[in-house]
Every structure is written in C-alpha cells, then in structure tokens.
Amino acid sequence: MALKLRLKPCERVVINGCVVQNENRRYTLTISNFAQIIRGSDILQEEDAVTPVRRAYFLIQSMLLDPEVAANGSGAVAAMMAQLYTAFARPDIQDRIARAMGHIGERDYYKALSALRPVMEYEGTLLAASPAASPSASPPAPAVSFQADGIGHHAGG
C-alpha cells in the first residue's frame, strides 16, 4: 500500500536521508515502497533532547536519518528503552514503549517515533508537575546534529 504525504506549502520532509522541500502550494507525494521518512515538524533538535524520553527519541530519529547510526545504535537504544519501560508505571505508557521497541526491531523508526510522542507528552506533564525534578545524566548524544532549519546535518561533515 502506498504512502501519501500531503505537504503543506514550504514543508520539508526527509526521505531516505534526502531533504525534499515543497514549493508555495499544497502537494501530495506518493511513496510506493518502504522508505525511512520523517517530516521536518517531527524532527527533534539535539539541544532539546534533555529528558530521558527525548534522548531516546533523538537517538531513534538519528537512526532513521543516518544508516551508520542505525547500524551502531541498536544496543544503546535497547538499553534506553528498557530503562524507560521500567521507569513508567502506567500500563498505557509501557505499552507505547513496548510498541516503539517492536518497531525498532523491525527497523521502522518512524513508527517507533510515533509511538514515543505520547510518552514524551506524558513525561512533560510529569516534569511540569514536579519543578524540583531534573533529568538524570545520560550518555552523550549520537554524532548527528540538526540546524535551526530542522533538517539533519552530520557533525564534522
């Protein structure tokens, strides 16, 4: 089944690492086979990956955008997701994390990101309710950075 992307004017999308930007009017793009796709509006900037769920989201996003990160990041993301699963007590949140882990196993990183978005929202409400809470320390982010325009650029290249 083909994927139809309805692009807003000037919207950007990354397809298999290639940045595609729409012109000044709406456009529908049809993708006929599997591809790693993320809309510019779904890209998390590296400097915003400051909480455990956001760091996991950023690593998965980096796996989607960069095959080298995907090849080397599976152990790190599995450990992060396991920690998230045990950190949250709500069954619906644990279910979202488990679904994201399943999508990662299938290398469908966009679906993994989609499964994590409600977890990110829930984490945000928990942190907002507890102003004394601070994110725990984590390993450094992968070597992919994103400029202010929201599209990925490899660090050092």
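Here the structure is a predicted model, which is why all the values come from computation and not from measurement.

Undergrad: Mind showing me how you'd approach the environment of Asp 95 here?
TA: Tracing the backbone shows Asp 95 in helix α4 (residues 91-105). Taking the relative accessible area as the measure of exposure, Asp 95 reaches 37% and is therefore partly exposed. Counting along the chain gives 24 residues from Asp 95 to Val 119, while the straight-line C-alpha distance between them is 9.9 Å. Of the polar contacts made by the side chain of Asp 95, one reaches the side chain of Arg 99; its length is 2.7 Å.

Undergrad: I'm lost on the side chain of Glu 11 in this one. Help?
TA: Along the chain, Glu 11 falls in the loop between β1 (3-7) and β2 (12-15). Since its relative accessible area comes to 13%, Glu 11 is described here as buried. For Glu 11, the contacting residues outside a window of four places in its chain are Arg 6, Val 20, Gln 21, Asn 22, Arg 39 and Ser 41.

Undergrad: Hey, could you run me through the pattern of salt bridges in this one?
TA: Pairing between side chains becomes possible if they bear opposite charge and their charged atoms approach one another. By the definition in use, this model includes five salt bridges. Between Asp 108 and Lys 111 there is a salt bridge, with the nearest N and O atoms lying 3.7 Å from each other. Exposure remark for Lys 111: the relative accessible area of 45% places this residue in the partly exposed category.

Undergrad: Where do I start with the packing of aromatic side chains in this structure?
TA: Enumeration over the complete set of coordinates arrives at one aromatic pair. Centre to centre, the rings of Phe 88 and Tyr 122 are 5.8 Å apart; their planes meet at 55°, and the pair counts as tilted. In this pair, Phe 88 is assigned in the loop between α3 (74-87) and α4 and Tyr 122 in helix α5 (residues 109-129), connecting sequence segments 34 residues apart. With relative accessibility at 9%, the residue Phe 88 sits in the buried group. The aromatic ring of Tyr 122 is capped on one face by Arg 90, whose charged end is 4.3 Å from the ring centroid.

Undergrad: Would you explain the sheet that holds strand β3 (residues 18-21) in this entry?
TA: Sheet strands associate in pairs through backbone hydrogen bonding, adopting either a parallel or an antiparallel arrangement. Strands sit in the order β3-β2-β5 across an open sheet of three strands; the sheet is antiparallel. The strands lining the two open edges of the sheet, one partner per strand, are β3 and β5 (37-39). Going across the sheet, the axis of each strand differs from the next one's by a mean of 20°, ignoring polarity.

Undergrad: Would you mind showing me how to read α4 here?
TA: Residues spaced three or four apart along an α-helix face the same direction, because each turn holds 3.6 residues. For α4, which comprises 15 residues, the first-to-last C-alpha distance of 21 Å matches the rise-based estimate of 21 Å (1.5 Å per residue) to within 8%. Within α4 the residues assigned to the buried category are Ile 93, Gln 94, Ile 97, Ala 100, His 103 and Ile 104. Those residues of α4 hidden inside the fold are in contact with α1 (52-65), α3 and α5. Positioned one or two residues after α4, Arg 107 has a phi angle of 60°, which is positive.

Undergrad: What should I look at first to understand the nonpolar core in this one?
TA: Proteins that are soluble and globular tend to have nonpolar side chains buried together. Counting 33 residues, the largest nonpolar core has Ile 60, Met 81, Phe 88, Ile 97 and Leu 116 as its most contacted members. If you list the elements that add at least two residues to this core, you get α1, α2 (67-72), α3, α4 and α5. The dominant element in this core, judged by the number of residues it contributes, is α1, at nine residues. Beyond its immediate sequence surroundings of up to four residues, Ile 60 is in contact with Val 77, Met 81, Ile 104, Tyr 109, Ala 112, Leu 113 and Leu 116. Of all hydrophobic cores here, the second largest spans seven residues; its members include Leu 5, Ile 15, Ala 35 and Ile 37.

What counts and how
Residues numbered from 1 in each chain as written. Predicted model: local features only at pLDDT ≥ 70, side-chain atom pairs only at ≥ 80, totals over all residues. Heavy atoms only, no water. Helix = DSSP H or I, 4+ residues; strand = E, 2+ residues; numbered from the N terminus. Buried < 20%, exposed > 50% of the residue type's maximum accessible area, 1.4 Å probe, protein only. Polar contact = N/O pair within 3.5 Å; in protein donor to acceptor, adjacent residues only side chain to side chain. Contact = heavy atoms within 4.5 Å. Salt bridge = Lys/Arg side-chain N within 4 Å of Asp/Glu carboxyl O. Phe/Tyr/Trp six-rings, centres within 6.5 Å; stacked < 30°, edge-to-face > 60°. Lys NZ or Arg CZ within 6 Å of the ring centre and 35° of its normal. Pairing = 2+ DSSP bridges. Axes fitted to C-alpha atoms, helices over the stretch in contact; angles between N-to-C directions. Expected span 1.5 Å × (residues − 1). Core = buried A, V, L, I, M, F, W, Y, C linked by side-chain atoms within 4.5 Å.

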